[in-house]
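So you can see what is in the structure, the chains are spelled out below.
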Amino acid sequence: MPKGPCKLEGCERAAVGKGYCTRHYRQWRRGGLPKGRYKTCTHEACHKPRSLGSKCEEHRGKSAAVAGEAAAS
Ligand SMILES: [Zn+2]
Ligand SMILES: [Zn+2]
């Protein structure tokens, strides 16, 4: 399997271990990251942690997102 970018949100360095780049992998090994091995959203190119089922909060379903937006606005 080819290694993608670091799975930490917002980081675009190449992953070297556990899905993290060198810098974040070192952080993860020291326990500096809140969740070391969370599963990520199955949506293409999305590396956010799963919220419900196999998707993140953003991709898990329109009904929930619409309800959230309606409540926010
Ligand atoms: Zn990183
Ligand atoms: Zn997602």
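Look above for the structure.
Summarised in this report is the structure supplied together with it. Remember, predicted model here, so these are calculated numbers, not experimental data.

Turning our attention to the overall build of the protein. When you go through the protein residue by residue, the secondary structure sums to two helices and zero strands. For the protein, the residues scored as buried account for 11% of the 73 residues in total. Across the protein, every contact between residues at least 6 apart in sequence was considered, and the portion connecting residues at least 24 apart equals 6%.

Unusually for a residue other than glycine, Lys18 sits at a positive phi of about 55 degrees. A tally of 14 C-beta atoms within 10 Å means that Lys18 is categorised as partly exposed.

Attention shifts here to the environment of Gly10. Checked against the element boundaries, Gly10 lands in the segment before helix H1 (22-29). Residue Gly10 is classed as exposed on the basis of its 6 C-beta neighbours within 10 Å. Put simply, Gly10 and His47 are 37 residues apart on the chain and 9.1 Å apart in space, counted from C-alpha to C-alpha.

Its place among the elements puts Gly53 in the loop between H1 and helix H2 (62-72). Residue Gly53 is classed as exposed on the basis of its C-beta count, with 11 C-beta atoms lying within 10 Å.

About the cut-offs
- Residues numbered from 1 in each chain as written.
- Chains lettered and ligands numbered in written order.
- Predicted model: local features only at pLDDT ≥ 70, side-chain atom pairs only at ≥ 80, totals over all residues.
- Helix = DSSP H or I, 4+ residues; strand = E, 2+ residues; numbered from the N terminus.
- Buried ≥ 20, exposed ≤ 12 C-beta atoms within 10 Å, placed from the backbone.
- Contact = placed C-beta atoms within 7 Å.

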